[in-house]
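Descriptive structure summary
One-letter residues, chain by chain:
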Amino acid sequence: MFTVLEEDPESRARRGVLRLRHGDVETPVFMPVGTNAAVKAITHLDLEEIGFGLILGNTYHVYLRPGLDLIRAYGGLHAFSGWRRNILTDSGGFQVFSLAPLRKIRDEGVSFRSHIDGSSHLFTPESVVEAQGVFGSDIMMPLDVCTPSGITRAEAEKALTMTSAWAGRSKKAWLGLPEAGRGGLFGIIQGNFFEDLRRRSAEEILGLDLPGVAIGGLSVGESPRRFAELLEFTSAMLPKEKPRYVMGIGTPEYILEAVGSGIDMFDCVFPTRIARNGCLFTSRGRLVLKREENRGLDRPPDPDCACPVCARYSIGYLRHLFKAREILGPMLATYHNLYYMKNFLEKVSDSIKKHTFLRFKKEFLELYGTID
RNA sequence: GGGGGCGUAGUGAAGCUGGUUAUCACGCUGGCCUGUCAAGCCGGAACUCGCGGGUUCAAGUCCCGUCGCUCCCG
């Protein structure tokens, strides 16, 4: 499933290739988030044009709407949405975390109420794997318990213990799916910000020998420094031959940090969300379109970007679109930011190939701004 | 010519029987956003209430005058 192609001699960074059912994907890779079987404000056509071969979907959202029956009738998420390349589906573990007031976690699973209509539901490790089987997900994530920063050791340990137990049950359910159309199941390491708990979690998850490993529970309110330290610590325990995925990371600064720690995969709503809110990534840092200083500016958002948006539209025009609340604003901004991310990861990959990753990182941050 | 209505931030409005720093929406403006309940969220600036006078301890809020807009009748 995964092959390491190159390792950076000066850091833990590496490049590789994920061989998935809907095509190969080079790593390090950024995966746009398509919660409701759609990446907001952009077409699948455009995503393909930019070159994305792997996007996210969300079990929690798609299960609630349109529902499993409909997806089953279509023959899976690919057929339903028209997306021909790979899909990684998140389990709903993060929704368990983010929709806290509506949920109750027990050994059996998590019961929660729909944020859409208030109806009651139960997710178990088994039902979540089965749902992703119905989706035809190329990569599946098990149900886990994500925790915020600042909780007690006891609370973190409890969440970790449940996550490990659920991972074991998820694997069993996964092995029960028909082998022909079964995507790879990843394990998720938790443990909050306690190093011994992270170690224990890693050991337990790695013991399951799943096709890939994810690091969860990061970027939940901690400082960039703390994030980097804990990521490095956790990543160092992982075997080289498996793909490593840090969940929920999506700014250039954080990705550089994570790649340097040996991470291969990233996903995040950040680039698409800030795009919808009028903010663009550029080589010089973030550009907030709505600012007055951008009024009437007749030059492209990012002089170093080769995307069709930068080739054709001015900052002043894009600002106007957001001021006028034209839907074209979020669309163009989303296109640019995703193109930016794709291009950024390609440059990172290139630097690993040339063994110049650390220099690239330094030079990039000098222009863009630092992690702090 | 007669009668009625209205004039409150850039715009549109709320302010009942007069009472502490005049409210709301849009706009303007700053920040935030990291396994999407998120084309969102949180802040900020800006009106002294058409103008003049009066009543009152106190007036956007009552009275008189005046200017402007508007509707109806002639």
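Figured I'd write up the structure that's included with this text. (Residues numbered from 1 in each chain as written. Chains lettered and ligands numbered in written order. Predicted model: local features only at pLDDT ≥ 70, side-chain atom pairs only at ≥ 80, totals over all residues. Heavy atoms only, no water.)

We now examine unusual backbone geometry. With an omega dihedral of 0°, the bond running from Thr27 to Pro28 counts as a cis peptide bond. In this structure, Pro28 sits in the loop between strand E3 (23-27) and strand E4 (29-32). At Ala37, a position not held by glycine, the phi torsion is positive, near 60°. Turning to its location among the elements, Ala37 is positioned in the loop between E4 and helix H1 (44-50). For Asn192, which is not a glycine, the phi torsion comes out positive at approximately 55°. Here Asn192 shows up in the loop between strand E11 (184-189) and helix H8 (195-206). (Helix = DSSP H or I, 4+ residues; strand = E, 2+ residues; numbered from the N terminus.)

A few words on the pattern of salt bridges. Enumeration over the complete set of coordinates arrives at 18 salt bridges. Note that Asp24 and Arg19 form a salt bridge whose closest N and O atoms lie 3.2 Å from each other. Judged by relative accessible area, Arg19 falls into the partly exposed class, the value being 43%. Linked by salt bridges that have partners in common, Arg153, Glu157, Asp196, Arg200 and Glu204 make up one network. (Salt bridge = Lys/Arg side-chain N within 4 Å of Asp/Glu carboxyl O. Buried < 20%, exposed > 50% of the residue type's maximum accessible area, 1.4 Å probe, protein only.)

Bringing the protein's contact with RNA strand B into the picture now. Close to RNA strand B lie 42 residues, the nearest being Met247, Gly248, Arg276, Arg291 and Arg319. Near-protein atoms of RNA strand B (within 4 Å) split between backbone and bases, with sugar and phosphate holding 53%. Here a base nitrogen of RNA strand B sits 3.0 Å away from a polar atom, N or O, in the side chain of Asp90. In the environment of RNA strand B, a sugar or linking oxygen lies 3.4 Å from a nitrogen or oxygen atom belonging to the side chain of His115. Elements represented by at least two residues in the surface near RNA strand B include exactly strand E5 (54-58), helix H5 (93-98), strand E14 (265-268), helix H11 (270-276) and helix H13 (315-323). Residue contributions to the surface near RNA strand B peak at five residues, all from H11. Partitioning the surface near RNA strand B into residue classes produces 14 nonpolar, 15 polar and 13 charged. (Near = heavy atom within 4 Å. Polar contact = N/O pair within 3.5 Å; in protein donor to acceptor, adjacent residues only side chain to side chain. Nonpolar A, V, L, I, M, F, W, Y, C, P; charged D, E, K, R; others polar.)

Enumeration according to the criterion identifies 15 aromatic pairs in this entry. Measuring from ring centre to ring centre gives 4.6 Å for Phe227 and Tyr254, while their planes differ by 50°; the resulting arrangement is tilted. With Phe227 in helix H9 (residues 224-235) and Tyr254 in helix H10 (residues 252-260), this residue pair connects regions lying 27 residues apart in the sequence. Taken individually, Phe227 and Tyr254 each receive the classification buried, so the pair is uniform in this respect. Both rings, one in Phe344 and one in Phe364, keep their centres 4.9 Å apart while their planes meet at 50°; by these two values the pair is tilted. Here Phe344 is found in helix H14 (residues 328-353), whereas its partner Phe364 is found in helix H15 (residues 357-368), with 20 residues between them in sequence. By relative accessible area, Phe364 is classed as buried at 10%. Three or more aromatic residues joined by ring pairs form one cluster here, namely Phe270, Phe281, Tyr340, Phe344, Phe360, Phe364 and Tyr368. Residue placement shows Arg182 over the ring face of Trp174; its charged tip is 4.8 Å from the ring centre. (Phe/Tyr/Trp six-rings, centres within 6.5 Å; stacked < 30°, edge-to-face > 60°. Lys NZ or Arg CZ within 6 Å of the ring centre and 35° of its normal.)

What follows deals with the sheet that holds strand E8 (residues 110-113). Reading across from one edge, E7-E8-E9 is the order of the three strands in this open sheet, with antiparallel pairing throughout. What marks the edges here is a single partner per strand, and that holds for strand E7 (103-105) and strand E9 (120-123). Neighbouring strand axes in the sheet, compared pairwise and without regard to direction, differ in orientation by 15° on average. Bridging between E7 and E8 involves three bridges; their strand directions are antiparallel. Following the sheet pairing, Arg103 is matched in E8 by Phe112. (Pairing = 2+ DSSP bridges. Axes fitted to C-alpha atoms, helices over the stretch in contact; angles between N-to-C directions.)

Okay, H8 next. Its twelve residues place the ends of H8 16 Å apart at the C-alpha level, agreeing with the 16 Å of an ideal helix rising 1.5 Å per residue. Every buried residue of H8 is accounted for by Leu197, Arg198, Ser201, Ala202 and Ile205. Relative to the axis of H8, the buried residues are bounded by an arc of 135° and lie together on one face. At its buried positions, H8 is contacted by helix H7 (153-175), E11, strand E12 (212-215) and H9. (Expected span 1.5 Å × (residues − 1). Arc of directions from axis to C-beta. Contact = heavy atoms within 4.5 Å.)

With antiparallel pairing, the three strands of this open sheet are ordered in space as E1-E2-E3. Both outer strands of the open sheet, strand E1 (2-7) and E3, are each paired with one neighbouring strand and no more. Sheet twist, expressed as the mean angle between neighbouring strand axes with direction ignored, is 15°. In the sheet, strand E2 (residues 14-20) pairs with E3 via five bridges, with the strands oriented antiparallel. Each bridged residue has a counterpart across the sheet, and for Val17 the counterpart in E3 is Glu26. Taken strand by strand, H14 contacts E1, E2 and E3, and its axis lies near 120° from that of E2.

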